[in-house]
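Understanding the architecture of this molecule
Take a look at the letters that make up each chain.
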Amino acid sequence: MTAEHFSKLERMYLSANVNTQLFDTTTVHITQGKAEIGLTVVAKYFHALGAMHGSVYFKLLDDAAFFAVNSVVEDAFVLTKSFEIHFKRPVTDGQILAKGELLIEDNGSYTAKSELLNEAGKVVGYGQGIFVKSKVKLSPEIGYK
């Protein structure tokens, strides 16, 4: 895998509508078998009790694991087949960082894990999933440029 591949994945991720329009403070850094997704916590991500909604935990954990996998797949977009998350503590402010890591590559199926850390470095959630290659080629048409 090359630095160019990682950079193209980063640009693709940051240019997605969900990140430009909703998660507009998103950061990403991808290396071989690893990915980090950062986000500034703001009130638009809160549920009624004033803490970050679980859907944001899921997005960040899934994205970090997903891009850890896609870092080793250069010809196709991968898909999440399944992903399980666990919540440890609420988040109400600051910066959060999801760290994803590829664990296993087995006959076209990839297992990756991720953890979500608050600004103090404490784990606020974690997850693990299975990913597979799609039939969609990585191309400029999907932002891979």
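Please refer to the structure higher up on the page.
These remarks concern the structure in this document. (Residues numbered from 1 in each chain as written. Predicted model: local features only at pLDDT ≥ 70, side-chain atom pairs only at ≥ 80, totals over all residues. Heavy atoms only, no water.)

All right, on to the overall build of the chain then. Across its full length, the chain carries 3 helices and 6 strands. Of the regular secondary structure in the chain, the N- to C-terminal order runs α-α-β-β-α-β-β-β-β. By its C-alpha atoms, the chain is 45 × 30 × 25 Å across when sized along the principal axes. Sequence separation of 24 or more characterises 64% of the internal contacts of the chain that already satisfy a separation of 6 or more. For the chain, the separation between the mean place of its 15 positive charges and that of its 16 negative charges on side chains is 2 Å. (Helix = DSSP H or I, 4+ residues; strand = E, 2+ residues; numbered from the N terminus. Contact = heavy atoms within 4.5 Å. Lys, Arg positive; Asp, Glu negative; His and termini not counted. Charge placed at Lys NZ, Arg CZ, Asp CG, Glu CD.)

Before going further, it helps to spend a moment on the nonpolar core. Among the nonpolar cores identified, the biggest contains 37 residues, and Met52, Leu60, Phe67, Ile96, Leu116 and Phe131 are the most heavily contacted of them. No other element matches helix α3 (residues 54-70), which puts 9 residues into this core. (Core = buried A, V, L, I, M, F, W, Y, C linked by side-chain atoms within 4.5 Å. Buried < 20%, exposed > 50% of the residue type's maximum accessible area, 1.4 Å probe, protein only.)

With that settled, consider the packing of helix α1 (residues 3-15) against α3. Packing of α1 against α3 leaves a shortest axis separation of 11 Å and a crossing angle of 150 degrees. Compared by their axis directions, α1 and α3 come out roughly antiparallel. Seen from above, α1 lies across α3 with right-handed handedness. Facing α1, whose interface residues are His5, Leu9, Met12 and Tyr13, α3 presents Lys59, Asp63, Phe67 and Asn70. (Axes fitted to C-alpha atoms, helices over the stretch in contact; angles between N-to-C directions. Parallel < 35°, antiparallel > 145°, perpendicular 65-115°, else oblique. Left-handed = near helix turned anticlockwise from the far one by under 90°.)

Here we take up α3. Here α3 spans 24 Å end to end across 17 residues, near enough to the 24 Å set by a 1.5 Å rise per residue. In terms of burial, α3 is a largely internal element, 14 of the 17 residues being buried. (Expected span 1.5 Å × (residues − 1).)

Once that is clear, we can look at α1. Owing to its 3.6 residues per turn, the α-helix aligns residues three or four sequence positions apart on the same side. Relative to the 18 Å expected for 13 residues at 1.5 Å per residue, α1 spans 18 Å between its end C-alpha atoms, a close match to the ideal helical length. Those residues of α1 not exposed but buried are His5, Phe6, Leu9, Glu10, Met12 and Tyr13. Each buried residue of α1 lies within a common arc of 165 degrees when the element is viewed along its axis, so the set occupies one face. Residues of α1 that are buried make contact with α2 (17-22), β1 (27-31), β2 (34-40), α3 and β3 (76-87). (Arc of directions from axis to C-beta.)

Next up on the list: the environment of His47. With respect to the element layout, His47 can be found in the loop between β2 and α3. Distance in space between the C-alpha atoms of His47 and Val91 is 11 Å, their sequence separation being 44 residues. Those residues within four positions of His47 in sequence are excluded, and the remaining contacts are Met52 and His53. Within the structure, the side chain of His47 is placed 3.0 Å from the backbone nitrogen of Leu49, a separation counted as a polar contact. (Polar contact = N/O pair within 3.5 Å; in protein donor to acceptor, adjacent residues only side chain to side chain.)

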